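# Secondary and tertiary structure notes
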Amino acid sequence: MTMTKSNPDREQRRRQQKEIADQLKASGALDDIFAKIDAGEALTGDQGLIGGMLKAALERGLDAELTEHVGYDRGDTEASLYENSRNGTSQKTIGTEIGDVELSIPRDRNGTFSPMLVPKGSRRLDGLDGMIISLYAGGMTQRDIQHHLASTIGTEISHETISKITDQISDEVLAWQQRPLEALYPVIYLDAIIVKVRDGGHVRNKAAHIAVGVDMDGIKHVLGIWVQATEGAKFWASVCAELANRGVKDVLIVCCDGLTGFPEAVEATWMEATVQTCVVHLIRAANRFVSYKDRRAVSQSLKTIYEAANVDAALSALDAFEQSQLGARYPSAVKTFRDAWERFTPFLAFPPELRRVIYTTNSIESLNFQLRKVTKNRGHFPNDQAVVKLLWLAICNIEDKRAREREKERGLPSQQRKAEGRLVEGQVTTHWKQALQQLSLVYPDRINRHL
């Protein structure tokens with residue numbers, strides 16, 4: 001199947017654009033422009049033809065708006081009979097996606113004309129704002145964006161203006177962070193990335209925690225982003241209380257790394273919830289002081305622990321590893337498992353289908369990998385709110401980009417598709433039907449009423 005047949009929207013767009021282009025060429029409207037291009041005149045930049053065309057189009061639109069406002073056409077001999085009248089123009093520089101454009105904005109004598117095409121007080125077209133927000137979501141700092149716009153399209157925008165543009169989405173972030181949630185999430189994963197944030201006169205590392213919930217249909221949702229302002233139980237109590245206030249009445253399993261005060265906060269909010277230490281984090285911690293050449297062997301030995309049939313078998317496997325040559329060489333690996341044993345063992349009570357779902361926070365580790373690429377170029381963030389804003393924008397940007405790529409390949413045979421699936425938001429959990437069946441057996445009173 002060809003790309004043309006697989007993407008009717010794109011084909012229709014191409015056909016419409018070709019028809020318009022053919023009509024313009026046939027009418028001779030582009031002859032002068034073609035002649036100027038052939039003569040070597042630039043298309044973009046301050047003297048570019050595209051900028052001149054945009055100026056002419058905007059000014060024509062503004063003049064049409066003023067005609068409708070005052071009630072008569074330019075040059076009308078009966079203009080004096082109308083209550084309001086034209087009153088010359090004022091000059092205005094407007095930032096666009098192709099650079100700055102100098103416009104003559106028409107005025108009326110009564111001062112009541114408020115154009116829609118270029119609103120009063122506006123210094124940019126909407127498309128430029130969208131470009132700035134997109135660049136910001138991609139990880140560029142505000143000063144990077146300022147330099148990029150000046151060097152690529154010749155538009156000079158102050159750092160303060162760019163800051164105001166990116167701040168426009170703060171209300172959207174707040175609404176997202178406060179939106180109502182489902183009453184039951186069978187599984188919630190919690191993970192974090194480290195970011196640098198200015199705190200008073202110092203810059204320090206803070207953890208930006210991201211929670212992903214799996215709903216009853218197995219669909220994953222980013223529930224929220226929280227920058228850890230205080231250590232331990234107090235912070236986690238506020239996070240759990242926020243989730244509860246947004247509608248979360250019960251959680252079956254919470255999978256996370258060993259966070260101080262987190263298990264107590266979860267159990268205080270959802271008394272019957274199981275807090276499960278992420279097995280992959282546990283393995284990484286166990287390998288922290290292991291020589292690189294021995295890591296594969298150690299990981300293979302630890303596999304017998306987390307794949308054990310039950311707690312007793314897992315404990316026997318841990319004892320056997322401790323007595324082995326590798327265990328004797330790396331006692332810290334053994335200690336890591338023994339220290340986390342109480343929060344690790346709930347995992348062993350579940351059947352294989354359910355273990356695969358809660359085995360790891362992998363569901364959001366891939367997301368965090370992408371987010372780290374966005375944040376790595378930044379020296380630091382001015383405050384916690386800026387962290388949440390950028391991470392939210394980055395998630396939206398990544399998901400939108402992937403959706404566009406999938407749309408391009410719609411209708412193609414599966415072997416020809418290369419676009420990536422959803423990163424997290426809206427992704428369906430693998431083997432969810434089997435896991436849900438096991439959950440209904442393990443937690444019948446809490447889950448069956450939601451089926």
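It should be emphasised that the depicted structure is a prediction, and the values quoted were computed from it without experimental measurement.

Okay, the overall build of the protein chain next. A count of helices and strands for the protein chain gives 21 helices and seven strands. The 451 residues of the protein chain split such that 44% are buried. Pairs at least 24 apart in sequence give 61% of the contacts found in the protein chain among residues at least 6 apart. Counting only carbon and sulfur atoms, one obtains 50% of the accessible surface of the protein chain, whose full area is about 24,600 Å².

For Arg-74, the position within the fold is in the loop between α4 (49-70) and β1 (86-96). Under the relative-accessibility criterion, Arg-74 is labelled exposed at 55%. With eleven residues separating them in the primary sequence, Arg-74 and Asp-63 have C-alpha atoms 8.4 Å apart. Contacts of Arg-74, omitting those with residues within four sequence positions, involve Asp-63 and Arg-86. Among the polar contacts made by the side chain of Arg-74, one reaches the side chain of Asp-63 at a distance of 2.6 Å.

By the definition in use, this model includes 14 salt bridges. Its salt-bridge partner being Asp-63, residue Arg-86 comes within 3.0 Å of it at the nearest N-O pair. Highlighted residues: Arg-86 in strand β1 and Asp-63 in helix α4, separated in sequence by 23 residues. Asp-63 carries the same exposure label as Arg-86, and that label is buried. With a shortest N-O distance of 2.9 Å, Asp-294 and Arg-329 are connected by a salt bridge. Of this pair, Asp-294 sits in the loop between α11 (279-286) and α12 (295-306) while Arg-329 sits in helix α14 (residues 325-329), and the two are 35 residues apart along the sequence. Bridged by salt links that share partners, the residues Asp-63, Arg-74 and Arg-86 form one connected network.

The mixed open sheet is built from five strands, whose spatial order is β5-β4-β3-β6-β7. The outermost strands of the open sheet, each flanked by one partner alone, are β5 (220-227) and β7 (274-277). Averaged over all adjacent pairs, the angle separating strand axes in this sheet is 25°, with direction ignored. Sitting on the sheet, helix α9 (residues 233-245) touches β3 (184-199), β4 (202-214) and β5, and the angle it makes with β5 is about 140°.

All right, on to a positive patch on the surface then. On the surface, Lys-373, Lys-376, Lys-401 and Arg-404 cluster together into a patch of positive charge. Following the sequence through the fold, Lys-376 ends up in the loop between α18 (362-375) and α19 (384-408).

Glancing now at the pairing of β4. Across 13 bridges, the pairing between β3 and β4 is antiparallel. Note on β4: the bridge partner recorded for Arg-198 is Val-203. Here β3 hands over to β4 after two residues, with Gly-200 in that stretch at a positive phi of 70°. Two strands pair when backbone bridges link them, and β4 and β5 are joined in this way by seven bridges, in the antiparallel orientation. Residue pairing in the sheet places Val-212 in a bridge with Val-222 of β5.

Looking now at the pairing of strand β6 (residues 250-256). Of all seven residues in β6, seven are buried, a share of seventy percent or more. In this sheet, β6 lies alongside β3 in parallel orientation, the contact comprising five bridges. Opposite Tyr-185, over in β6, you have Val-251 as the bridge partner. Note that β6 and β7 share four bridges and pair parallel. If you follow Ile-253 over to β7, its bridge partner there is Thr-274. Taken together, β6, helix α10 (residues 262-269) and β7 form a β-α-β motif whose crossover is right-handed.

The rules we used
- Residues numbered from 1 in each chain as written.
- Predicted model: local features only at pLDDT ≥ 70, side-chain atom pairs only at ≥ 80, totals over all residues.
- Heavy atoms only, no water.
- Helix = DSSP H or I, 4+ residues; strand = E, 2+ residues; numbered from the N terminus.
- Buried < 20%, exposed > 50% of the residue type's maximum accessible area, 1.4 Å probe, protein only.
- Contact = heavy atoms within 4.5 Å.
- Areas by Shrake-Rupley, 256 points an atom, 1.4 Å probe, with all protein chains shown as cover.
- Polar contact = N/O pair within 3.5 Å; in protein donor to acceptor, adjacent residues only side chain to side chain.
- Salt bridge = Lys/Arg side-chain N within 4 Å of Asp/Glu carboxyl O.
- Pairing = 2+ DSSP bridges.
- Axes fitted to C-alpha atoms, helices over the stretch in contact; angles between N-to-C directions.
- Patch = residues over 30% accessible without salt bridge, like charges linked within 9 Å, V, L, I, M, F, W, Y side chains within 5 Å.
- Lys, Arg positive; Asp, Glu negative; His and termini not counted.
- Charge placed at Lys NZ, Arg CZ, Asp CG, Glu CD.
- Right-handed = clockwise from strand over helix to strand, strands pointing away.

Interpretation note: all reported values are geometric properties and have no functional meaning in isolation.
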